[in-house]
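Spelled out from the first residue to the last, the chains are:
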Amino acid sequence: RLADEDDELSEVQPDAVPHEVREWLASTFTRQLASRQRRADEKPKFRSVAHAIRAGIFVDRIYRRMSSAPLMQFPPEVARALKTLDDWTFDVFALSEAASGQPVKYLGYDLLNRYGIIHKFKVQPQTLENFLCRVEEGYCKYKNPYHNNLHAADVAQTVHYMLCQTGLMNWLSDLEIFATLVAAVVHDLEHTGTTNNFHVMAQSETALLYNDRAVLENHHASATFRILKEEENNILSHLSREEYREFRTLVIDMVLATDMSFHFQQLKNMRNLLTLAEPSIDKSKALSLVLHCCDISHPAKRWTEHHRWTSLLLEEFFLQGDKESELGLPFSPLCDRNNTLVAESQIGFIEFIVEPSMGVCSDMLDYILAPLNSSSTCSTLPSTTSIIEEGGEESSSASSTASPAPFVLKKPWTSCLSENKKAWKDQAVKDADARALQKKLEEEAAAAAEADATDEGSEVQNEE
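Calculation rules
- Residues numbered from 1 in each chain as written.
- Predicted model: local features only at pLDDT ≥ 70, side-chain atom pairs only at ≥ 80, totals over all residues.
- Heavy atoms only, no water.
- Phe/Tyr/Trp six-rings, centres within 6.5 Å; stacked < 30°, edge-to-face > 60°.
- Helix = DSSP H or I, 4+ residues; strand = E, 2+ residues; numbered from the N terminus.
- Core = buried A, V, L, I, M, F, W, Y, C linked by side-chain atoms within 4.5 Å.
- Buried < 20%, exposed > 50% of the residue type's maximum accessible area, 1.4 Å probe, protein only.
- Contact = heavy atoms within 4.5 Å.
- Expected span 1.5 Å × (residues − 1).

### A closer look at the packing of aromatic side chains
Summed over all chains, the structure comprises 14 aromatic pairs. Each ring, one from F74 and one from Y106, has its centre 5.0 Å from the other, and the planes form 80 degrees; the classification is edge-to-face. One end of the pair, F74, is in the loop between α3 (59-68) and α4 (76-82); the other, Y106, is in helix α6 (residues 103-114), with 32 residues separating them in the sequence. For the ring pair F93 and W309, a centre distance of 4.7 Å and an interplane angle of 40 degrees mean the geometry is tilted.

In structure tokens form, the structure reads like this:
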């Protein structure tokens, strides 16, 4: 093992964050873990040109192909929303509105088609649609404000950005890309809107089934393969036995790694690995870290989206707090709707969780991708663009003679994190002033009430 069992929160000064925020960080992102079996290292498969071409497929050709697939028609407004799918600033809320509340169905289909998975693994369009619809239904089962199909689509799109826009897809086989996309789509399937700790404290059936360990994550993975076991939903029917085992192992590894209590150990393991002279990075661990970072990435998006996600997540926390109150359980951190420091919690989340995570992930991607960029197979990558003009005609350009440039990993999340943290700090000051004013008013009111009571007592005595 590359790291001990201690978590990095032990290094955080007690006064660095409010007690409630520290308690939430500790309860959510730490846990003592037993050793887990590691998958053997795999030799990287470099197929950069093929993958780059696949990633650069003309957007509108994709939609034309999808619209001609049996029983899978993309409404024009959905196609328009998906045109910015490659952007870090992709608006998943707009997609959901255009898709009439079915973002997973369309985004999942688009991604698997975009990477050539449907053709490569002979996935029947109707079977894929059935699978995605069942997954979407599973996400809507508990009507959660945050952990729902919209969150699933957001994470899947962010994973796509990491695969396509960083070039990570060049490091992966088709099957590994297939597994990564599916894991992203299903990673919170049938989420109950409550935390693992709630399940354990409430002794839920799910906690009893999985012995209090990665309760929700085990259920997400299990529910996924139960759906896949049904013939009408089995998008894996043409995989060989060996391919199926690899696919299943990868998906389970990635989904289980989204358990937030694994967070600090996961980061320490990767940090320590990257300090070695010649690190050998396991595909499963790398992809697990990417999915985990994408899962907690909303503070690294634009303020409008991040603020909206924060409101939804806090409402889900508060609903859990209401359930805890009904069951006579103590409030979990940030779950008491009357006593939660919103701005401070987000500052702590960004500083101690998201920024370090994105930093480690960036370092890992730098190490993995720099050799790919300088290899002969990457030196003449074709670049393709497509523009649909007013008349509907496609104009395209392609170039394969551009000279290779030094590898620089694009990190759009860095500026977003900085801007969002500043916004929350400004809000924290306003909130603190408001609380101070409220406290002053309450003290003045209490003093006035006490004075009135004293005056009344004096009047009574005088009358007597």
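From this point, things continue past the structure.
### Things to note about the nonpolar core
Ranked by size, the top nonpolar core spans 116 residues in total, and within it Y115, F131, L168, F178, I235, F247 and M364 carry the most contacts. Every residue in contact with F247, bar those within four places of it in the chain, is listed here: L175, F178, A179, V182, F225, L236 and L239.

### Overview of the environment of I353
Tracing the backbone through its elements, the reader meets I353 in helix α18 (residues 342-374). Taking the relative accessible area as the measure of exposure, I353 reaches 0% and is therefore buried. Between the C-alpha atom of I353 and that of C293, which follows or precedes it by 60 residues, the distance is 9.5 Å. Apart from residues lying up to four places away in sequence, I353 is in contact with L25, F29, H263, F264, I296 and G348.

### What to know about helix α15 (residues 263-274)
For α15, with twelve residues, the first-to-last C-alpha span of 17 Å sits near the 16 Å given by 1.5 Å per residue. Most of α15 sits inside the fold, with nine of its twelve residues counted as buried. If you check which residues of α15 are buried, you get H263, F264, Q265, Q266, L267, K268, N269, M270 and L273.

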